[in-house]
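Each chain is listed here by its residues.
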Amino acid sequence: MVNHPILHATIKGEGTPLLILHGYFGMSDNWKTLGNQFSENFEVHLIDQRNHGRSFHNDVFNYEVLVEDLHAYIQHHQLEKIALIGHSMGGKTAMLFAVTYPELVSKLIVVDISPRKYEPHHNAILAGLNSIDFSVENSRGKVDEKLAVFVPEVGVRQFLLKNVYWKEKGQLAFRFNRAALTSKNSEVGAALPAFTHFKKETLFLKGENSAYITSKETPTIETHFPKSKIIEIKNAGHWLHAENPKQFYAEVCEFLR
């Protein structure tokens, strides 16, 4: 861990450390509102994973290195007995971290993702992102127009546009590492390795309208996480923490109590 770059994070509150990991193309800012709520009872760490948000960029991108990034972060901040929340890609990181370093995790919350392998399915988004030439699309409006050709869903575009910022006067850029996320896209759906187990309490939250966790995933979840339960968040899809934050917050608080 010597000289390991430390992930960028926003830290608020005091108490038991609660670390939150965003999903693919996301960033810690996506969790700001819920993070503020959780900080009334916990020391909340909203973390940017590598190649995302304000954290460092690196061509190497897989769950093994994401886990080591998180381990270096925890050691740097001298944390122990953490509660860990991960959404989507962040949920994959959280699961692998928990089975690798179970002594550091007291409770695990996995948001709308299971341990199974998912085939790459972000092709339209990646095509849209790679179509952007910031010398031509030199305003947020123009970036949105270009993305709309590939990504018709307004909500998804708004989520992606949060990554657009003024790198310098007159020069827009993406906060995420577009090249690495494109070339390593197949890594994002990787399965949790076989014969790995986390034997402490685990909560899986699934969106009622999402297909990421179905009844087919239950046996796999129970194999890796024997003390797990699955709860459905109503009227929500994959971004359940944004679509139904009230139930999401209530379920997490009940589990962590």
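Just above, that's the structure.
Below: a short report on this structure.

Reading the values: rules and limits
- Residues numbered from 1 in each chain as written.
- Predicted model: local features only at pLDDT ≥ 70, side-chain atom pairs only at ≥ 80, totals over all residues.
- Heavy atoms only, no water.
- Buried < 20%, exposed > 50% of the residue type's maximum accessible area, 1.4 Å probe, protein only.
- Helix = DSSP H or I, 4+ residues; strand = E, 2+ residues; numbered from the N terminus.
- Pairing = 2+ DSSP bridges.
- Polar contact = N/O pair within 3.5 Å; in protein donor to acceptor, adjacent residues only side chain to side chain.
- Contact = heavy atoms within 4.5 Å.
- Salt bridge = Lys/Arg side-chain N within 4 Å of Asp/Glu carboxyl O.
- Axes fitted to C-alpha atoms, helices over the stretch in contact; angles between N-to-C directions.

1. Points about the pairing of strand E8 (residues 202–207)
Part 1 of the argument: When you tally the buried positions in E8, you get six out of six residues, the bulk of the element.
Part 2 of the argument: The alternating pattern of E8 places Thr202, Phe204 and Lys206 on one face and Leu203, Leu205 and Gly207 on the opposite face, and all of these are buried.
Part 3 of the argument: Pairing analysis gives four bridges linking strand E5 (residues 105–111) to E8, with the strands arranged parallel. When the bridges of E8 are listed, isoleucine 109 appears paired with leucine 203.
Part 4 of the argument: Pairing between E8 and strand E9 (residues 228–233): six bridges, direction parallel. Paired with phenylalanine 204 across the bridge in E9 is isoleucine 230.

2. Examining the side chain of threonine 202
Part 1 of the argument: Counting through the fold element by element, threonine 202 comes out in strand E8.
Part 2 of the argument: A distance of 3.2 Å separates a polar atom in the side chain of threonine 202 from the backbone oxygen of lysine 200.
Part 3 of the argument: Leave out the neighbours within four places in its chain, and threonine 202 touches Leu108, Val110, Phe225, Lys227, Ser228, Lys229 and Phe255.

3. Remarks on helix H6 (residues 154–161)
Residues spaced three or four apart along an α-helix point in a common direction, a consequence of the helix completing one turn every 3.6 residues.
Part 1 of the argument: By the burial criterion, the buried members of H6 are Val156, Arg157, Phe159, Leu160 and Leu161.
Part 2 of the argument: Looking at the buried side of H6, the elements it contacts are helix H4 (123–130), helix H5 (140–150) and strand E6 (164–168).

4. Observations concerning the pattern of salt bridges
Part 1 of the argument: The full count for this structure, using the stated rule, is ten salt bridges.
Part 2 of the argument: Put simply, glutamate 137 and lysine 146 hold a salt bridge, and the shortest N to O gap is 3.8 Å.
Part 3 of the argument: Lysine 234 is the partner of glutamate 232 in a salt bridge, and the nearest nitrogen-oxygen pair spans 2.9 Å.

5. Thoughts on the sheet that holds strand E3 (residues 43–47)
Part 1 of the argument: What the seven strands build is an open sheet, ordered E1-E3-E2-E4-E5-E8-E9; its pairing is mixed. Two strands bound the open sheet, and with one partner strand each, they are strand E1 (9–12) and E9. Each adjacent strand pair in this sheet contributes to an overall mean axis angle of 15 degrees, direction not counted.
Part 2 of the argument: Bridge count between strand E2 (residues 17–21) and E3: five bridges; the pairing is parallel. Looking at the pairing, leucine 21 lines up with isoleucine 47 of E3.
Part 3 of the argument: Against the sheet, helix H2 (residues 63–76) touches E1, E2, E3 and strand E4 (82–87), its axis set at about 155 degrees to E2.

6. A few points about the side chain of histidine 52
Part 1 of the argument: In this structure, histidine 52 sits in the loop between E3 and H2.
Part 2 of the argument: You can call histidine 52 buried: its relative accessible area is 0%.
Part 3 of the argument: Within polar-contact distance, the side chain of histidine 52 engages the backbone nitrogen of phenylalanine 25 at 3.1 Å.
Part 4 of the argument: Apart from residues no more than four positions distant in its own chain, histidine 52 is found in contact with His22, Gly23, Tyr24, Phe25, Gly26, Phe61, Met89, Phe176 and Leu181.

7. Focus on the environment of glutamate 187
Part 1 of the argument: Residue position: glutamate 187 is located in the loop between helix H7 (178–183) and E8.
Part 2 of the argument: Measuring from C-alpha to C-alpha, the distance between glutamate 187 and asparagine 163 comes to 21 Å, with 24 residues separating the pair along the chain.
Part 3 of the argument: Ignoring any residue separated from it by four or fewer positions in sequence, one finds glutamate 187 in contact with Phe61, Asn62 and Tyr63.

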